[in-house]
Amino acid sequence: MLQGMHGTIVCGVTDSAESRDAAQLAAALATRLGLRLVLAHVVAGADTTGSDGRVGAEQMLEAIEHAIGDEAETRLVHGNLVDGLAGIAAEEGADVIVLGSRPRGARGRQLRCALACELEAVQSVPVLIAPPATRERSRQRLTLAEAAAKR
């Protein structure tokens, strides 16, 4: 384990391709570093909508968890996105928060993630912005790292 790490990565997820890519990267990091992974989703507003919104969010979390290998824990809260993720990170003792982002710019080489800036303002935990489409690259890197470790 890395020096100074307590062992938890919190990955903020939504039902988007960028979020699934971030979860894949977070899972690869957690596996490689031997850290615990918590997938976190914040449903906007108070929990007054009944179970429909919560059930959909739980199903989305389960689908992402299954896609990355069922090694993650999940957390679901209602409220403001920034406060919800910051709260989960604090409760879980997160060492890093992983978020997805969308490409922007003429060649798609810049990343956009306003949420990361807002989280950094209220949370002392580093925020890692996963570039889009990291899934295949993460898989390739892990395979190469595992092959090198076996030698």
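To be clear, the structure that these remarks concern was listed above.
Since the model is a prediction, treat every value here as computed from it, not as a measurement.

Definitions and limits used
Residues numbered from 1 in each chain as written. Predicted model: local features only at pLDDT ≥ 70, side-chain atom pairs only at ≥ 80, totals over all residues. Heavy atoms only, no water. Helix = DSSP H or I, 4+ residues; strand = E, 2+ residues; numbered from the N terminus. Buried < 20%, exposed > 50% of the residue type's maximum accessible area, 1.4 Å probe, protein only. Salt bridge = Lys/Arg side-chain N within 4 Å of Asp/Glu carboxyl O. Expected span 1.5 Å × (residues − 1). Core = buried A, V, L, I, M, F, W, Y, C linked by side-chain atoms within 4.5 Å. Contact = heavy atoms within 4.5 Å. Pairing = 2+ DSSP bridges. Axes fitted to C-alpha atoms, helices over the stretch in contact; angles between N-to-C directions. Polar contact = N/O pair within 3.5 Å; in protein donor to acceptor, adjacent residues only side chain to side chain.

Quick rundown of the environment of Glu58? Include the residues and the values.
Tracing the backbone shows Glu58 in helix H2 (residues 51-68). A relative accessible area of 33% places Glu58 in the partly exposed class. Placed 17 residues apart in sequence, Glu58 and Arg75 show a C-alpha to C-alpha distance of 8.9 Å.

Could you give an account of the pattern of salt bridges, naming the residues involved and the relevant values?
Enumeration according to the criterion identifies five salt bridges in this entry. As a salt-bridge pair, Asp15 and Arg20 come within 3.2 Å of each other at their nearest N and O atoms. Judged by its relative accessible area of 64%, Asp15 is exposed. Owing to a relative accessible area of 31%, Arg20 belongs among the partly exposed residues under this scheme. A salt bridge links Glu92 to Arg36, with the nearest nitrogen and oxygen atoms 2.2 Å apart. Of this pair, Glu92 sits in helix H3 (residues 81-92) while Arg36 sits in strand E2 (residues 36-43), placing them 56 residues apart in sequence. Overall, the relative accessible area of 28% leaves Arg36 in the partly exposed class. Where salt bridges share partners, they join Arg36, Glu73, Arg75, Glu91 and Glu92 into one cluster.

Hey, could you go over helix H1 (residues 17-33) for me, with residue numbers and the actual values?
If you check H1, its first and last C-alpha atoms are 24 Å apart, about what 17 residues at 1.5 Å a residue would give, namely 24 Å. Following H1 by one or two positions, Gly34 has its phi on the positive side, about 70°.

Describe the nonpolar core, with residues and values.
One recurring pattern in soluble globular proteins: nonpolar side chains tend to sit buried together. Counting 23 residues, the largest nonpolar core has Ile9, Cys11, Val13, Leu37 and Leu39 as the members making the most contacts within it. The set of elements that each furnish at least two residues to this core consists of strand E1 (8-12), H1, E2, H2 and strand E4 (96-100). Ranked by residues supplied to this core, first place goes to H1 with six residues. Ignoring anything within four residues of it in the chain, the contact list for Leu37 reads Ile9, Cys11, Ala26, Ala27, Ala30, Ile68, Ala72 and Glu73. Counting 19 residues, the second largest nonpolar core, distinct from the first, contains Val82, Ala89, Val125 and Val127.

Give me the sheet that holds E1: which residues, what numbers.
Note on sheets: strands pair through backbone hydrogen bonds, and any given pair is parallel or antiparallel. Spatially, the five strands line up as an open sheet ordered E3-E2-E1-E4-E7, and their pairing is parallel. Among the strands making up the open sheet, the edge pair consists of strand E3 (73-78) and strand E7 (127-130). Each neighbouring strand pair of the sheet contributes to a mean axis angle of 25°, computed without reference to strand direction. The pairing of E1 with E4 spans three bridges and is parallel. Following the sheet pairing, Ile9 is matched in E4 by Val96. Strand contacts of H3: E1, E2, E3 and E4, with the helix running at about 155° to E2, the strand carrying the most contacts.

Got a sec to walk through the side chain of His41? Specific residues and values, please.
Its location among the elements puts His41 in strand E2. For His41, a relative accessible area of 12% translates into the label buried. Engagement of the side chain of His41 in a polar contact is seen with the backbone oxygen of Val13, the distance being 2.8 Å.

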